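Descriptive analysis of the structure
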Amino acid sequence: MAGRTPAAYAWAAARIALGWVFLWAFVDKLFGLGFATPAAKAWAGGGSPTTGFLKGSGENALGGFFSSLAGQAWVDWLFMLGLAGVGGALIVGAGMRVAAAAGATMMLLMWAAQLPLETNPFMDDHIVYAIVLVGLALAKAGDTLGIGAWWSRTALVKRLPILK
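Below is a short write-up of the structure.

Analysis parameters
- Along each chain, residue indices are assigned from 1 in the same order as the chain's sequence is written.
- At least 70 in pLDDT is required for a residue's local features to be given in this predicted model, at least 80 for side-chain atom pairs to be given and counted, and no such filter applies to totals for whole chains, interfaces and linings, which use all residues.
- Water and hydrogen atoms play no part in the side-chain values, which are based on all heavy atoms of the structure.
- Only DSSP runs of H or I with at least four residues qualify as helices, and only runs of E with at least two residues qualify as strands; both kinds are numbered from the N terminus onward.
- Expected helix span is given by 1.5 Å per residue-to-residue step, counting one fewer step than there are residues.
- Exposure categories follow from relative accessible area, calculated using a 1.4 Å probe and restricted to protein chains: below 20% of the type maximum is buried, above 50% is exposed, and the middle band is partly exposed.
- Buried residues of nine kinds, namely Ala, Val, Leu, Ile, Met, Phe, Trp, Tyr and Cys, make up a nonpolar core once their side-chain atoms join them within 4.5 Å.
- Two residues form a contact once any of their heavy atoms are found within 4.5 Å.
- By the criterion applied in these results, polar contacts are pairs of N or O atoms within 3.5 Å in which, for protein atoms, one can donate a hydrogen and the other can accept it, and in which residues neighboring in sequence qualify only through two side-chain atoms.
- Here the term patch refers to residues with relative accessible area over 30% and no salt bridge, with like charges joined within 9 Å and nonpolar side chains (Val, Leu, Ile, Met, Phe, Trp, Tyr) within 5 Å.
- Values of accessible area rely on a 1.4 Å probe in the Shrake-Rupley scheme; residue burial ignores everything except the protein chains shown.
- Any Lys or Arg side-chain nitrogen found within 4 Å of a carboxyl oxygen on Asp or Glu counts as a salt bridge.

1. Description of helix α6 (residues 125–138)
- The terminal C-alpha atoms of α6, which comprises 14 residues, lie 20 Å apart, in line with the 20 Å expected from a rise of 1.5 Å per residue.
- Those residues of α6 that sit buried are H126, I127, A130, L133, G135, L136 and A137.
- Residue K140 follows α6 closely and has a positive phi angle near 55 degrees.

Put into structure tokens, the structure is as follows:
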């Protein structure tokens, strides 16, 4: 099969793994499975998936802005839709451009909420994830072990290439 190099499979594995990171965060925050989110704080039980992280940013450089967003319904919905959408798109390999843009934006916002960083002047896992997300889209990682090649041939994507 054309384009099925070892590098293509490595990018596909990275895509699926990172998709699982996003999708798992969604599921854990939705149901409070006790990994990062205790059951008492589950979104399905009335908790807010953004309050803990954003309220904890209060003392940081941009903390006033980010803590003011904590627990707002529209922020919770955008965050959860972002986690589910990016995770799902990465796992199936479709919509990689939108997933990369949305996921990188989410990562950069979480990075900004933590400034100044405690262990490095500017680099942390959020920046690394954002870079990897862009790399996944550029490498067309959804075409290997995913539906990306088929998806890009659909009439919808031909009409709206941003959905590739």
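2. Quick notes on the nonpolar core
- If you look at the biggest cluster of nonpolar residues, it comprises 23 residues, and the most contacted ones within it are F22, M80, L83, L90, L133 and L136.
- Of all the secondary structure elements, the ones that give two or more residues to this core are α1 (6–31), α4 (73–92), α5 (96–113) and α6.
- With 7 residues, α5 is the largest single contributor of residues to this core.
- Beyond its immediate stretch of four places on either side in the chain, F22 contacts L83, V86, G87, L90, G103, M106, M107 and L133.

3. Structural notes on the side chain of H126
- Of note, H126 is situated in helix α6.
- For H126, a relative accessible area of 10% puts it in the buried group.
- Side-chain polar atoms of H126 contact the side chain of D124, separated by 3.0 Å.
- With near-sequence residues (within four places) excluded, H126 lies in contact with M107, M110, W111 and Q114.

4. Notes on unusual backbone geometry
- Each neighbour pair has its own omega, and for L115 with P116 the value is -5 degrees, a cis peptide bond.
- Tracing the chain through its elements places P116 in the loop between α5 and α6.
- You will see that K140, though not glycine, has its phi angle at about 55 degrees, which is positive.
- Topologically, K140 is positioned in the loop between α6 and α7 (148–152).
- With a phi close to 55 degrees, L145 is a non-glycine residue in the positive phi region.
- Considering the arrangement of structural elements, one finds L145 in the loop between α6 and α7.

5. Description of the environment of F122
- Within the element layout of this structure, F122 appears in the loop between α5 and α6.
- Those residues in contact with F122 that sit more than four places away from it in its chain are W111, L117 and I127.

6. Here's the deal with the environment of L33
- Mapped onto the elements of the fold, L33 is located in the loop between α1 and α2 (51–55).
- With residues up to four places along the chain from it excluded, the contact list for L33 reads W24, V27 and D28.

7. Some thoughts on a nonpolar patch on the surface
- There is a patch of nonpolar side chains on the surface, built from V98, L156, L160 and I162 and spanning about 340 Å² of accessible area.
- Looking at the secondary structure, you find V98 in helix α5.
- Residue V98 is classed as partly exposed on the basis of its relative accessible area of 42%.

Note that every value here comes from positions in space, so none of it alone points to a role or purpose.
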